[in-house]
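The chain contents come next:
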Amino acid sequence: MTTVLICDDRRSVREGLTRVMSAVPGVSRIDCVAHGDELLARFSRQPVDVVLVGTQRAVPTGVEATRRLVSANPQANVIVFGAPDDAGSIAAAIAGGARGYLRWDASRPELVAALAHTLASTSVPAPRQPSDPGVQLTERELQVLRGMSQGKSNGQIGRELYLSEDTVKTHARRLFRKLGVRDRAQAVAHGFRRGLVQ
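Residues numbered from 1 in each chain as written. Predicted model: local features only at pLDDT ≥ 70, side-chain atom pairs only at ≥ 80, totals over all residues. Heavy atoms only, no water.

Under an unreviewed UniProt entry, the protein chain has the name LuxR family transcriptional regulator and belongs to Lentzea aerocolonigenes.

**Q** Would you explain the nonpolar core in this entry?
**A** One broad rule of soluble globular proteins: the nonpolar side chains tend to lie buried together. Grouped together as the largest cluster of nonpolar side chains are 42 residues, with contacts concentrated most on Leu39, Val78 and Met148. Here this core spans two domains, and each of domain 1 (1–118) and domain 2 (137–192) adds at least three residues to it. Filtering out sequence-adjacent residues up to four positions away, Val78 remains in contact with Val51, Val53, Thr66, Leu69, Val70, Ala98, Arg99 and Gly100. With 16 residues, the next largest nonpolar core counts Val24, Ile79, Phe81 and Leu111 among its residues. (Core = buried A, V, L, I, M, F, W, Y, C linked by side-chain atoms within 4.5 Å. Buried < 20%, exposed > 50% of the residue type's maximum accessible area, 1.4 Å probe, protein only. Domains from an automatic or database assignment. Contact = heavy atoms within 4.5 Å.)

**Q** For this particular structure, what's the right way to read helix 8 (residues 165–179)?
**A** It helps to recall that an α-helix has 3.6 residues per turn; residues three or four apart then point in one direction. Over its 15 residues, helix 8 runs 21 Å from end to end, which matches the ideal 21 Å to within 8%, given 1.5 Å per residue. Among the residues of helix 8, those classed as buried are Val168, His171, Ala172, Leu175, Phe176 and Leu179. Buried residues of helix 8, seen end-on, are gathered within an arc of 140 degrees and therefore sit on one face of the element. Looking at helix 8, the residues exposed on the side facing more than 90 degrees away from the buried face are Asp166 and Arg177. (Helix = DSSP H or I, 4+ residues; strand = E, 2+ residues; numbered from the N terminus. Expected span 1.5 Å × (residues − 1). Arc of directions from axis to C-beta.)

**Q** I would appreciate a short explanation of the sheet that holds strand 4 (residues 78–82) in the present structure.
**A** What holds strands together in a sheet is hydrogen bonding between their backbones, with the strands either parallel or antiparallel. Overall, parallel pairing links the five strands, which are arranged 2-1-3-4-5 in an open sheet. Since the sheet does not close on itself, it has two edges, and those belong to strand 2 (27–33) and strand 5 (100–103), each with one partner. Across this sheet, the average inter-strand angle for adjacent strands is 25 degrees, counted without regard to direction. With four bridges joining them, strand 3 (residues 50–54) and strand 4 adopt parallel strand pairing. Directly across from Val51, in strand 4, lies its bridge partner Val78. Where helix 1 (residues 11–22) meets the sheet, its contacts fall on strand 1 (2–7), strand 2, strand 3 and strand 4, and the angle it forms with strand 2 comes to roughly 175 degrees. (Pairing = 2+ DSSP bridges. Axes fitted to C-alpha atoms, helices over the stretch in contact; angles between N-to-C directions.)

**Q** Teacher, can you tell me more about the pattern of salt bridges here?
**A** Note that side chains of opposite charge can pair when their charged atoms are close. As enumerated under the stated definition, the model contains nine salt bridges in all. A salt bridge links Arg29 to Asp31; the nearest nitrogen and oxygen atoms lie 3.0 Å apart. The exposure class of Asp31 is buried, given its relative accessible area of 18%. Between Asp37 and Arg68 there is a salt bridge, with its nearest N and O atoms 2.9 Å apart. Linking Asp37 in helix 2 (residues 36–45) with Arg68 in helix 3 (residues 61–72), this pair joins segments that are 31 residues apart in sequence. On the basis of relative accessibility, which here comes to 29%, the residue Arg68 falls in the partly exposed class. Within the structure, one salt-bridge network assembled from shared partners comprises Asp8, Asp9 and Arg10. (Salt bridge = Lys/Arg side-chain N within 4 Å of Asp/Glu carboxyl O.)

**Q** I would appreciate a short explanation of the pairing of strand 3 in the present structure.
**A** Residues in a regular strand project their side chains so that they alternate between the two faces of the sheet. Counting buried positions along strand 3 gives five out of five residues, so the element sits mostly inside the fold. Residues of strand 3 alternate between two faces, with Val50, Leu52 and Gly54 on one and Val51 and Val53 on the opposite face, all of them buried. Bridge count between strand 1 and strand 3: four bridges; the pairing is parallel. Paired with Leu5 across the strands is Val51, a residue of strand 3.

Right under this line is the structure:
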């Protein structure tokens, strides 16, 4: 069974996420806090399997809470929630130690997949350096990476690019290999660091 801690300073967001998460199979306990200080104190007293942290455009509290929690507790599994077009918060949160991100309007299957992926990756190694530092992504791979940075699913990316979902997955595997990363979160973080996405 999975325990979850939600951190967001907006009561409506905390209540909404609690309702959604309570319907996710395997989630046994959901607690909420409003601020980073409460998050650190609660996690130190009673660690949980997954921490969900809300982010807002141009408001650093969620990103800062993520950074502080992961700095004090490197084992913490943090997923950030935010607007799909808020690339700045996504990049900053991943750079601060978040293991992944989800759009505010993520479906229940997407939530289940994110929880499963995060729990299966409790020890995420640092991204490997590409064997060729000058490696270049194709235009299609860049388009897929940009879609990932906006929090879009493979299906959504495929519809926008007029590609099948399997083709998007093939491009994703190729760009992961070229960048020397394991998953979407690492690819997006690497893309922001290299200026491939903005």
